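# Summary of structural features
Take a look at the letters that make up each chain.
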Amino acid sequence: MTNHSHTLEHDKPLLAEPAKKAFWKGLGFQIAVSMILGILVGFIWPEFATSLKLLGDIFLRLIKSAVAPLIFLTVALGIGAAGDIKQVGRVGLSAIIYFEIVSTIAILFGFGMGELLSVGSGTVLTESHVNSQATSLIQASHAAPKSFAQFFLEIFPDSFMGAFSSNNLLQVLVLALMFGFGILLLKEKERVVVENALNFIAKAFFKFIHVIMLLAPIGTFGAIAYAVGSNGVDMLIKLTYLVLAFYLTLILFVVIVLGAVCLLFKLNLFDIIKFIKEELYITFGTASSESVLPRLLEKLPKYGASRQTVGLVLPTGYAFNLDGTSIYMSMGVIFLANAYGIPLSIEQLFGILLIMLLTSKGAATVSGGAFVVFAATITTTGLLPLEGVAVMFGVYRFMSMALAVTNIIGNTVATIAVAKMNREYHPSRRQKLEDDED
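This is a predicted model, so every value here is computed, not measured.

So, on to the overall build of the protein. Helix and strand counts for the protein come out as 23 helices and 0 strands. Classification of the 438 residues of the protein by burial places 53% in the buried group. At a minimum sequence separation of 6, the contacts of the protein that also span at least 24 residues come to 84%. Of the roughly 20800 Å² of accessible surface on the protein, a fraction of 66% belongs to carbon and sulfur atoms.

Below is the structure:
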């Protein structure tokens, strides 16, 4: 018996160091290759490429099927794990304050860079560029929240299951918060039973996500091929400057603004980006931040943030902290104003900023994402021609890829910063969690 035990202990270091996985088996490499192939297919066979949209749509549908349940489980478990309503309130309040401050800075940053780079100046907008898909999305924008009262009412579901079936993340978040507080009211023995059951269900959902992620390269290939094939070379060339200016703005925002946040909280921005690089590849390829939410919920505790803080802050950030979306909307306003030669005063820009702080919160719940809420904002202000929004749809796919990546980086930084703010960040947890998994 002693010899057998000694043999196991002797072999343990060998088992703890598995053979290094070949680089071509890595998800990041596979997604990078699929993006290159998608671009080539889109340019060479544009008509065939448009039919490949189905591949991207199937992948995103599968991911979205798990997002709402995972948000519910992680938020409810996060509140239950906190064990104290005051702690939940403190983390939640600090997160909301952080979100609103950074979102406001993002909108102002977009305004400033749009003016500095003169986006839209000299652009000739014609109705011939408007396609049916853009028109349908603009029509959908009229259903977006237009007032605070209407927005506030719509975040409260009238059916528990209805919030999940409609994939309304704000409503799911509200249900999760209330259910989590309900868990706290249970007796300790009862609470342990409920938390254990929810933990097992959450683990099963994460395994479900791992299976879906095997399809990520195929989904990315289809989405990229469709984006290139459907927009056409001529339209892309005409709006290339807007896309390049937008990418430059996002890079500067991440480096300057989020970099300053990281310095303030003594975090390493580039270390954080490196830590989530695979998730960024997936997000860029699919143009959807939802595609990596389950992975981030599982991964960020390994960086040092407590599971309850990640479970509370990250899903909330998906609704309230959309830095890339905010910049897209503010730069879009400057683009349209310059393209149509409509000067906007400081007072008008301030009014648009207030409207954006409201409408951007619906980006996570409105079908069509940032494009729809941008159209809703333009409709609400009444200051700019709505027809110009449809012209921007020609390059929306390429802009949405970058804004989704920015949203992910922004929410990751926010989650870690809020955790550190509330003393829920301990880098020593990284190794411990890795050892537990082994």
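Moving on, we get to unusual backbone geometry. The phi dihedral of serine 118 is positive, around 50 degrees, even though this residue is not glycine. As for its position among the elements, serine 118 is in the loop between helix H5 (85-116) and helix H6 (132-141). Of the residues examined, serine 118 reaches a relative accessible area of 35% and is grouped as partly exposed. At arginine 423, a residue that is not glycine, the phi angle is positive and equals roughly 55 degrees. Turning to its location among the elements, arginine 423 is positioned in the loop between helix H22 (396-421) and helix H23 (429-437).

For the structure shown, the criterion picks out 4 salt bridges. Across the salt bridge formed by arginine 191 and glutamate 195, the nearest N and O atoms sit 4.0 Å from each other. Here the residue arginine 191 and the residue glutamate 195 both occupy positions in helix H10 (residues 188-213), the gap between them amounting to 4 residues, near one helical turn. Considered together, arginine 191 and glutamate 195 belong to a single accessibility category, that of buried residues.

Take the side chain of asparagine 411 next. Note on placement: asparagine 411 falls in helix H22. Classification of asparagine 411 by relative accessible area gives buried; the value is 3%. The residues touching asparagine 411, leaving out its near neighbours within four places in the chain, are Leu314, Gly317, Tyr318 and Asn321.

Within this structure's numbering, the places UniProt gives as "transmembrane region" (unreviewed entry) are residues 27-46, 58-79, 91-111, 169-187, 208-229, 241-267 and 398-419. As annotated, residues 241-267 comprises 89% helix and 0% strand, and the C-alpha atoms at either end are separated by 33 Å. In this annotation, residues 398-419 is assigned 100% helix and 0% strand; the end-to-end C-alpha distance for the span is 32 Å.

So, about the side chain of serine 326. Counting through the fold element by element, serine 326 comes out in helix H18 (residues 323-340). Judged by relative accessible area, serine 326 falls into the buried class, the value being 2%. Setting aside residues up to four positions removed in sequence, serine 326 forms contacts with Ser103, Ala106 and Ile107.

Turning next to the packing of helix H13 (residues 240-264) against H22. At a minimum axis distance of 10 Å, the contact between H13 and H22 shows a crossing angle of 5 degrees. On the basis of the axis angle, H13 is roughly parallel to H22. Of the residues in H22, those touching H13 at Leu242, Val243, Phe246, Tyr247, Leu250, Phe253, Val254, Leu258, Val261 and Cys262 are Phe398, Met399, Met401, Ala402, Leu403, Thr406, Ile409, Gly410, Val413 and Ala417. Residues belonging to the contact of H13 with H22 are distributed by class as follows: 18 nonpolar, 2 polar and no charged.

Take the packing of aromatic side chains next. Aromatic ring pairs are defined here through the distance separating the ring centres and the angle between the ring planes. This model, assessed by the stated rule, comprises 9 aromatic pairs. Taking the centre distance of 5.6 Å and the plane angle of 70 degrees together, the rings of phenylalanine 72 and phenylalanine 164 count as edge-to-face. Of this pair, phenylalanine 72 sits in helix H4 (residues 53-82) while phenylalanine 164 sits in helix H8 (residues 160-165), placing them 92 residues apart in sequence. No difference in accessibility class separates phenylalanine 72 from phenylalanine 164, as the two residues are buried. Here the aromatic rings of phenylalanine 72 and phenylalanine 179 are separated by 5.2 Å at their centres, their planes lie at 50 degrees, and the arrangement is tilted. Here the residue phenylalanine 72 occupies a position in helix H4, and phenylalanine 179 occupies one in helix H9 (residues 169-184), the gap between them amounting to 107 residues. Ring-pair connections join several aromatic residues into one group, and the members of that group are Phe72, Phe160, Phe164 and Phe179.

Conventions used here
- Residues numbered from 1 in each chain as written.
- Predicted model: local features only at pLDDT ≥ 70, side-chain atom pairs only at ≥ 80, totals over all residues.
- Heavy atoms only, no water.
- Helix = DSSP H or I, 4+ residues; strand = E, 2+ residues; numbered from the N terminus.
- Buried < 20%, exposed > 50% of the residue type's maximum accessible area, 1.4 Å probe, protein only.
- Contact = heavy atoms within 4.5 Å.
- Areas by Shrake-Rupley, 256 points an atom, 1.4 Å probe, with all protein chains shown as cover.
- Salt bridge = Lys/Arg side-chain N within 4 Å of Asp/Glu carboxyl O.
- UniProt positions renumbered as here; feature names shortened; annotations may be inferred.
- Axes fitted to C-alpha atoms, helices over the stretch in contact; angles between N-to-C directions.
- Parallel < 35°, antiparallel > 145°, perpendicular 65-115°, else oblique.
- Nonpolar A, V, L, I, M, F, W, Y, C, P; charged D, E, K, R; others polar.
- Phe/Tyr/Trp six-rings, centres within 6.5 Å; stacked < 30°, edge-to-face > 60°.

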